[in-house]
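What the coordinates show
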Amino acid sequence: MPRAAVCPGIDQPLEVVDVDLDAPKAGEVLVRMGASGVCHSDLSVQNGTLLAPLPSVLGHEGAGIVESVGEGVSSVKEGDHVVLSFVPQCGACYFCAHDQPQLCETGFLPMATGSLLDLTPRFSRGGSPLNQMSALGTFSEQLVTLEMSMVKIDSDIPLSSAALIGCGVLTGFGAAVNTASIRRGDSVAVIGCGGVGLNVIQGAVHAGAERIIAVDMFDAKLDMARAFGATDVVNPSSGDATDQVRELTAGRGVDVAFEVIGLKSTTEQAFAMARRGGQAVIVGVPKMEQILEIPIAMELLVNEKQVRGCWYGSSDVRRDIPQLISLYQSGSLKLDELISRRIGLEEVNEAFRAMEAGEVARSVIEYDL
Ligand code: PAD
Ligand code: ZN
């Protein structure tokens, strides 16, 4: 019986309790979790920004060790170390066949409904089903998920660092490298330098951006941003962020502006910071009903600006996870530096508080293996 952090309902604290876990069915895998990052999207489910069926075991950024496999599973076996993907990627549907596995059709319903392919979760408590966020539920000592929701990694990579790849790194790094069209020498702005935004910064460095302007309201985050490769920093408390970014770019604006918070105001800022012909890449998840209004004639036509949405860094997990691991192994990708606090599962509510207070890049739950 694993211990898991369950969100009982919107705005209710997570409860750390023993839960029941069914054995893996065909195409499914039982994983003993090594670690799970605490991402803003977990908090967004708890506070109702991101709609997900509750009650649910939260957590969608994790790595662990395969304990057993269901019938027909061939890509992993007992003892393998794996990074979990919060988007199941089947490799065979229309989107997977068109180089957009982040939009996988097979994986969409399990991800959105917090269940597996038969649309039931494997967690339960007192006989009632408990959903599993993004078909995972990494805030649990063990979980059962789809074979298509994991990628095998070398067993010498620390699981706490590998866990971060599962959401923050794939999303942020991928936003810069896959979603945006950054060219060598470009200027970019990154609004929001938390666990995801810091990875946009390191992705922008990798893509060859020359000027990387970090925007955050906490100076400590801006210090981290510099350590991850930002060349300039802007704190909106010392003047309008758009004006400050324009001043740094000869009044023109940046080639690519990223919004990595999930607010309407900062999404509008990203659009305003982009130069004529530039891109605004939206990574932060706002409230479901949020609408973005853009002056069509001036901004989309005369100024030819583009808005690009970014889901999971437009990542192909089977292509990108091995690449990120090898960048980490060669010292070109920071993972350990993203970990602000190593915590136990019982401290998950405190991790939410620390995230909201801007105290951490990532808190990482470490499980006893
Ligand atoms: P985080 O809380 O670690 O970071 C957010 C950062 O924004 C913090 O550093 C804050 O200080 C900063 N911030 C907040 N408000 C402002 C403001 N008004 N002006 C300037 N800075 C501000 O969150 P995170 O990095 O874990 O996640 C960021 C967003 O990305 C969040 O909305 C999350 O749900 C989203 C996300 N999207 C995807 C995707 O596929 N698109 C995947 C994962 C996470
Ligand atoms: Zn996340």
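Residues numbered from 1 in each chain as written. Chains lettered and ligands numbered in written order. Predicted model: local features only at pLDDT ≥ 70, side-chain atom pairs only at ≥ 80, totals over all residues. Heavy atoms only, no water.

1. Considering the environment of Asp22
The condition that has to hold: Put simply, DSSP marks the helices as runs of H or I at least four residues long and the strands as runs of E at least two long, and each gets a number from the N terminus on. In this analysis, two residues are considered to be in contact whenever any of their non-hydrogen atoms come within 4.5 Å of each other.
Relative to the helices and strands, Asp22 resides in the loop between β3 (20-21) and β4 (28-38). Expressed as a C-alpha distance, the spacing of Asp22 and Phe123, which sit 101 residues apart in the sequence, is 6.6 Å. Discounting chain neighbours no more than four positions away, the residues touching Asp22 are Arg122 and Val144.

2. Remarks on the coordination of the zinc ion (ligand 2)
For a metal with four donors in a tetrahedral arrangement, the ideal angle between donors is 109.5 degrees, while six donors in an octahedron ideally sit at 90 or 180 degrees. Test applied: Think of the donor list as every N, O and S atom within 2.8 Å of the metal, or within 3.2 Å for Na, K and Ca; water never makes the list, so a site can look incomplete. Think of it in three bands: with a 1.4 Å probe and only protein chains considered, a residue is buried below 20% of the maximum accessible area for its type, exposed above 50%, and partly exposed in between.
For the zinc ion (ligand 2), the full set of protein donor atoms is Cys39 (SG), His60 (NE2) and Cys167 (SG), and the range of their distances to it is 2.0 to 2.3 Å. Positions of the donor residues of the zinc ion (ligand 2), expressed as sequence spacing, correspond to C-x20-H-x106-C. Here His60 lies in the loop between β5 (56-57) and β6 (62-69) and Cys39 lies in the loop between β4 and α1 (40-46), a separation of 21 residues in the sequence. Pair check on accessibility: Cys39 and His60 agree, each one buried.

3. Quick word on the sheet that holds strand β13 (residues 211-215)
Note the cut-off: A pair of strands counts as paired when DSSP detects no fewer than two bridges linking them. Helix axes are fitted to C-alpha atoms over the stretch in contact, other axes to C-alpha atoms as well, and angles between N-to-C directions run from 0 to 180 degrees.
Spatial ordering of the open sheet is given by β14-β13-β12-β15-β16-β17, a layout of six strands whose pairing is parallel. Strands with a single pairing partner mark the edges of an open sheet, and in this sheet they are β14 (232-234) and β17 (306-309). Direction aside, the axes of adjacent strands within the sheet are offset by 20° on average.

4. Digging into the site of ligand 1
Operational definition: In these notes, residues near a molecule or strand are those with any non-hydrogen atom within 4 Å of it. Polar contact is the term for a pair of N or O atoms within 3.5 Å; when the atoms are in protein, one must be able to donate a hydrogen and the other to accept it, and sequence-neighboring residues count only if both atoms are side-chain atoms. Only the protein chains shown count as covering a residue, and every accessible area follows the Shrake-Rupley method with a 1.4 Å probe.
If you check the shell around ligand 1, you find 26 residues, and the closest are His40, Ser41, Asp216, Ile261 and Tyr312. Between ligand 1 and the protein, one listed contact pairs an oxygen atom with a backbone N or O atom of Val285 at 3.0 Å. At 2.9 Å, a side-chain N or O of Arg362 approaches an oxygen atom of ligand 1. Relative to its free-state accessible area of 870 Å², ligand 1 is covered by the protein chains to the extent of 92%.

5. What about the packing of helix α4 (residues 159-179) against helix α5 (residues 197-207)?
For clarity, the threshold we go by: An angle below 35 degrees is treated as roughly parallel, one above 145 as roughly antiparallel, one from 65 to 115 as roughly perpendicular, and anything else as oblique. Handedness of a crossing follows from how the near helix is turned relative to the far one, being left-handed for an anticlockwise turn of less than a right angle and right-handed for a clockwise one.
Direction vectors running N to C along α4 and α5 enclose 40°, while the axes themselves pass 7 Å from each other. Considering their axes alone, α4 and α5 lie oblique with respect to each other. The handedness of the crossing between α4 and α5 is right-handed. Contacts from Gly168, Val169, Gly172, Phe173, Ala175, Ala176 and Val177 of α4 reach α5 at Asn199, Val200, Gln202, Gly203, Ala204, His206 and Ala207.

6. Remarks on the packing of aromatic side chains
What describes a pair of aromatic rings is the distance from one ring centre to the other and the angle between the planes of the rings. What counts here: Here a pair means two rings of Phe, Tyr or Trp (six-membered ring of Trp) with centres within 6.5 Å. Their orientation is stacked below 30 degrees between planes, edge-to-face above 60, and tilted elsewhere.
For the structure shown, the criterion picks out three aromatic pairs. Consider the rings of Phe86 and Trp311, whose centres lie 5.6 Å apart with planes at 85°: the pair is edge-to-face. Residue Phe86 is located in the loop between β7 (81-84) and α2 (94-97), and its partner Trp311 is located in the loop between β17 and α10 (317-329); the two are separated by 225 residues in the primary sequence. Owing to a relative accessible area of 8%, Phe86 belongs among the buried residues under this scheme. The class for Trp311 is partly exposed, based on a relative accessible area of 35%.

7. Remarks on the domain arrangement of the protein chain
Inclusion rule: The split into domains, and so the bounds of each, comes from an automatic or database assignment of domains. Summed over both partners, the accessible surface that disappears when two parts come together, traced with a 1.4 Å probe, is what is meant by buried area. Salt bridges are counted wherever a side-chain nitrogen of Lys or Arg sits within 4 Å of a carboxyl oxygen of Asp or Glu. Here the term charged refers only to Asp, Glu, Lys and Arg, the term nonpolar to Ala, Val, Leu, Ile, Met, Phe, Trp, Tyr, Cys and Pro, and the term polar to all other amino acids, Gly among them.
Each assigned domain of the protein chain is listed with its residue range as follows: domain 1 (3-166 + 334-366) and domain 2 (172-311). For domain 1 versus domain 2, the distance between C-alpha centres works out to 28 Å. Listed per partner, the contact involves 16 residues of domain 1 and 16 residues of domain 2. Three residues, Thr49, Lys334 and Leu338, lead the burial of domain 1 against domain 2; their summed loss comes to 35% of the area buried on that side. Summed over the shared surface of domain 1 and domain 2, the result is zero salt bridges. Between domain 1 and domain 2 we count three residue pairs in polar contact (both at pLDDT 80 or more) in total. Of the residues belonging to the side of domain 1 that touches domain 2, the class tally is 10 nonpolar, three polar and three charged.

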